[in-house]
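This is what each chain is made of:
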Amino acid sequence: MNVLVIGSGGREHALCWSLAASPLVNKLVCAPGNPGIGQVAKLAAVDPLDRDAVLQLCRDEHIDFVVVGPEAPLVAGLVDHLEAAGFACFGPTKAAARLEGSKGFMKDLCAKYGIPTAAYGRFSDAAEAAAFIRKQGAPIVVKADGLAAGKGVTVAMTLDEALAANAALFTVPGAEVVIEEFLDGEEVSFFALVDGETALPLASAQDHKRVGDGDTGPNTGGMGAYSPAPVLTPELERFVMERIVQPTVAAMKAEGCPFRGVLFAGLMLTATGPKLLEYNTRFGDPECQTLMLRLKSDLLPALMASRDGVLKDFDLRWRDEHAVCIVMAGEGYPGEPRKGTVIKGLDAAASLPDVVVFHAGTRAGPDDTILANGGRVLGICGLGATTREAQARAYAAVDKIDWPEGFCRRDIAWRAIAREG
């Protein structure tokens with residue numbers, strides 16, 4: 001088969017890395033990709049949001065199956081556009097992608113169908129939102145309704161912080177915000193492949209949103225992840241499937257927009273049980289990197305089964321090893337990162353045993369150099385018999401990277417390691 005992957009980040013590098021190993025793949029193309037992806041796939045300089053250009057690429061490359069990685073093309077309706085032209089796609093339709101594209105839509109769906117989530121208010125007027133914040137008090141959570149690349153959420157511990165976040169979000173014309181109660185507990189990522197009716201749970205993972213060690217500083221798109229997540233016990237997984245994921249799948253079908261693709265539930269494990277923080281309608285980044293390292297089964301048939309509605313009798317096999325992904329980010333992230341700096345030592349890092357280096361925000365420079373070209377630039381992953389061993393391998397690879405303008409957290413996977421003892 002000829003397969004096209006849409007996207008250019010670490011998630012897409014991990015997907016391409018996994019798909020390239022499939023005996024079913026004859027040709028693998030990625031648009032637009034990055035230099036790391038270029039080692040396993042043909043790159044095509046096509047904007048994922050240019051639907052007609054993507055469609056023409058599918059025709060030119062005789063693509064049999066399209067895997068859409070990032071959220072923006074999904075929310076913009078790329079799957080609808082390609083499917084209408086006869087190209088099979090993995091990923092939700094525009095209507096189904098509203099689960100991620102609109103936090104208000106997701107919260108309203110939860111309220112209608114009794115899916116456990118935080119109490120909330122939804123506002124399109126800044127003054128009404130501010131009045132709600134003052135009435136509820138702090139701590140409180142302020143969210144942009146639409147896509148914000150993982151940075152549209154403020155967990156405000158004071159009233160002034162919440163009001164400032166609210167005012168900032170309403171500087172955008174037509175803005176809507178969701179104000180939520182603060183949930184205390186441990187956050188975990190839960191993934192399931194969905195075919196419109198059936199949900200197949202994937203391995204668990206946990207990421208680190210804050211930019212600094214000790215979970216300090218502003219939220220980011222994710223500074224690292226590990227899989228499995230020991231906090232998500234089999235009992236909790238059953239609860240999540242029975243009370244959150246499966247009711248959501250049924251609700252989306254009942255609403256006339258059945259969900260097909262990967263459903264990524266961000267959960268808070270509270271004292272009264274798991275509650276849904278948000279849905280994403282694609283693989284997490286950097287969680288995807290850890291999942292792909294642990295997946296023993298061929299990825300492509302699973303993605304095709306999701307699209308074709310035949311997940312009911314499908315199963316996936318996972319490695320017993322643990323995986324840890326360390327994100328190296330550009331100086332200044334999650335603000336404006338410094339770009340164009342030279343990254344050395346990539347081959348030395350990748351040559352270490354049980355290590356894979358995924359590119360995210362990189363581009364090719366002169367004389368075969370690799371340059372930083374984004375906020376989150378590299379995802380350096382290690383596999384090990386324990387989380388501690390996987391972490392040690394990942395950080396040993398990080399230490400091989402010669403990039404003075406890059407940084408990473410030094411405590412990724414600390415929760416799992418504390419549980420290992």
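The text that follows walks through the structure, step by step, so that each part is easy to find. Only a predicted model underlies this, so the values are computations on that prediction, with no experimental measurement involved. (Residues numbered from 1 in each chain as written. Predicted model: local features only at pLDDT ≥ 70, side-chain atom pairs only at ≥ 80, totals over all residues. Heavy atoms only, no water.)

**Here we look at the sheet that holds strand 22 (residues 370-372)**
Overall, antiparallel pairing links the three strands, which are arranged 19-22-21 in an open sheet. Only two strands of the sheet have a single partner each, and these edge strands are strand 19 (342-343) and strand 21 (362-364). Judged from the two bridges that link them, strand 19 and strand 22 form a sheet pairing that is antiparallel. For I343, the partnering residue across the bridge sits in strand 22 and is I370. (Pairing = 2+ DSSP bridges. Helix = DSSP H or I, 4+ residues; strand = E, 2+ residues; numbered from the N terminus.)

**Topic: the environment of W403**
Tracing the chain through its elements places W403 in the loop between helix 13 (387-398) and strand 24 (406-407). Distance from W403 to A199, taken between C-alpha atoms, is 42 Å for residues 204 residues apart in sequence. Once you skip the residues sitting within four places of it in the chain, W403 turns out to touch M328, A329, G330, T341, V342, I343, A372 and V377. At a separation of 2.9 Å, a polar atom in the side chain of W403 contacts the side chain of T341. (Contact = heavy atoms within 4.5 Å. Polar contact = N/O pair within 3.5 Å; in protein donor to acceptor, adjacent residues only side chain to side chain.)

**Comments concerning the packing of aromatic side chains**
Within this structure, the stated rule accounts for four aromatic pairs. Note on F123 and F132: the rings are 5.0 Å apart at their centroids and 50° apart in plane angle, and the pair reads as tilted. Residue classification places F123 among the buried residues on the basis of a relative accessible area of 12%. Given a relative accessible area of 21%, F132 falls into the partly exposed group. (Phe/Tyr/Trp six-rings, centres within 6.5 Å; stacked < 30°, edge-to-face > 60°. Buried < 20%, exposed > 50% of the residue type's maximum accessible area, 1.4 Å probe, protein only.)

**Re unusual backbone geometry**
Put simply, A138 and P139 share a cis peptide bond, and its omega is 0°. Relative to the helices and strands, P139 is located in the loop between helix 7 (126-136) and strand 7 (140-144). Note the cis peptide between Y333 and P334, where omega equals 10°. By the secondary structure assignment, P334 is in the loop between strand 18 (322-330) and strand 19. Of note, H62 is a non-glycine position whose phi angle comes to about 55°, a positive value.

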